[in-house]
Amino acid sequence: MSDQDKGPRDDRWYLNIMAPNTKGEKFAWLDPTSIYINARAFNDLLDDLMADLDGVEYDVVAGLDAMGFVLGAALAARSQVGFLPIRKAGKLCVETDKVSFGNYSGKTQDMEMRKPAFAEGTRVLLADQWVETGGTMDGAIRLVERQGGVVAGMVAIAIEENERTDGYRATYPCVSAVSKGSRWQTECNAQTLSSFASYKPELAFPR
Ligand SMILES: O=P(O)(O)OC[C@H]1O[C@H](OP(=O)(O)OP(=O)(O)O)[C@H](O)[C@@H]1O
């Protein structure tokens with residue numbers, strides 16, 4: 001792809017290379033990780049998220065296990081702040097706080113954060129790949145607040161619209177590559193993208 005192909009910044013062209021689910025309803029409805037494979041796509045995604053995070057103040061980025069680690073760590077590096085992994089339960093070998101949460105799959109799971117992870121009043125930016133029901137974010141918010149942290153905002157490739165995520169947008173700065181009011185947002189809410197019709201894995205190849 002050439003620079004000309006990028007188009008206006010609002011285009012968010014890299015969303016076109018996200019892959020549809022081909023494995024059925026036990027899985028998420030799409031796979032955004034194809035964006036990470038392609039250098040231009042990944043960098044343009046990070047550029048747009050960083051631009052939209054301008055004015056949001058945070059001391060650390062917390063990434064949600066597992067795919068939130070990719071975006072969260074990359075944004076932490078760009079922001080020159082540290083990165084805090086919030087893990088699915090049973091992995092951390094240090095003291096932890098634990099919460100239960102439900103996500104799009106309908107299952108209840110536990111997640112953990114090291115204890116203590118930060119000083120009281122630390123501003124934490126929560127990063128995840130995707131927000132669907134918002135249940136995973138809810139667990140992360142509780143973990144951060146339990147240790148006296150302040151949720152500084154949330155960032156993801158997309159935040160689907162529903163009652164819970166409307167509440168997040170009303171409460172925190174929420175940044176997503178899928179812009180509110182865009183046709184991408186409408187398609188994400190409906191869980192089908194028009195770009196799926198022309199999706200090819202080759203679109204994401206590294207070169
Ligand atoms: O808003 P929710 O309904 O809670 O769903 C969003 C969560 O689901 C996806 O992760 P998943 O649990 O599939 O795990 P993964 O990151 O390990 O792929 C996504 O990365 C979020 O973490």
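As named in an unreviewed UniProt entry, the protein is Phosphoribosyltransferase family protein, taken from Sulfitobacter aestuarii. According to the UniProt record, the Pathway (unreviewed entry) comment for the protein reads "Purine metabolism."

A word on the UniProt feature "domain: Phosphoribosyltransferase" (unreviewed entry) in the protein
Mapped onto this numbering, the UniProt entry annotates "domain: Phosphoribosyltransferase" (unreviewed entry) at residues 41–165. Between the end C-alpha atoms of residues 41–165 the distance is 26 Å, and the span holds 31% helix and 34% strand.

Some thoughts on the packing of aromatic side chains
The relation between two aromatic rings is expressed through the spacing of the ring centres and the mutual angle of the planes. Under the definition given, this model contains 6 aromatic pairs. Between Trp13 and Tyr14 the ring centres are 6.0 Å apart and the planes differ by 70°, which places this aromatic pair in the edge-to-face class. Side by side, Trp13 and Tyr14 carry an identical accessibility label, which is buried. Here a set of aromatic residues connected by ring pairs shows up, and it is made of Trp29, Trp130 and Phe196.

A closer look at the side chain of Thr33
Take Thr33: it is sitting in the loop between strand E2 (30–31) and helix H1 (34–37). A distance of 2.7 Å separates a polar atom in the side chain of Thr33 from a polar atom in the side chain of Asp31. Residue contacts for Thr33: discarding those within four places in its chain leaves Met67 and Gln129.

A look at the state of the cysteines
Throughout the structure, instances matching the rule amount to 0 disulfides. Distance from the sulfur of Cys188, which forms no disulfide, to the nearest cysteine sulfur (Cys174) is 15 Å. In this structure Cys188 comes out as buried when scored by relative accessible area, which is 0%.

Overview of the site of the ligand
Surveying the vicinity of the ligand reveals 15 residues, the closest of which are Tyr104, Asp128, Glu132, Thr133 and Thr136. Here Ala66 contributes a backbone N or O atom positioned 3.1 Å from an oxygen atom of the ligand. The separation between an oxygen atom of the ligand and a polar side-chain atom of Tyr104 is 2.7 Å. Put simply, the parts of the chain that give the shell around the ligand at least two residues each are strand E8 (130–131) and helix H4 (135–146).

Here we look at the nonpolar core
Counting residues in each nonpolar core, the largest one holds 37 residues, and the members touching the most others are Leu15, Ile35, Leu45, Leu71 and Ile157. Per element, the largest residue contribution to this core is 5 residues, and it comes from helix H2 (residues 39–52). Other than its neighbours up to four places away in sequence, Leu15 contacts Ile35, Ile157, Ala177, Val178, Trp184, Leu193 and Ser195.

Remarks on the pairing of strand E5 (residues 96–102)
Every second residue of E5 is oriented toward a common face, the buried set being Asp97, Val99 and Phe101 and the non-buried set Thr96, Lys98, Ser100 and Gly102. Where E5 and strand E6 (residues 108–114) come together, 7 bridges link them in antiparallel fashion. In the strand pairing of E6, Phe101 is matched with Gln109. Hairpin connection of E5 to E6: 5 residues between the antiparallel strands, including Gly106 at a positive phi of 90°.

Criteria and cut-off values
Residues numbered from 1 in each chain as written. Predicted model: local features only at pLDDT ≥ 70, side-chain atom pairs only at ≥ 80, totals over all residues. Heavy atoms only, no water. UniProt positions renumbered as here; feature names shortened; annotations may be inferred. Helix = DSSP H or I, 4+ residues; strand = E, 2+ residues; numbered from the N terminus. Phe/Tyr/Trp six-rings, centres within 6.5 Å; stacked < 30°, edge-to-face > 60°. Buried < 20%, exposed > 50% of the residue type's maximum accessible area, 1.4 Å probe, protein only. Polar contact = N/O pair within 3.5 Å; in protein donor to acceptor, adjacent residues only side chain to side chain. Contact = heavy atoms within 4.5 Å. Disulfide = S-S within 2.5 Å. Near = heavy atom within 4 Å. Core = buried A, V, L, I, M, F, W, Y, C linked by side-chain atoms within 4.5 Å. Pairing = 2+ DSSP bridges.

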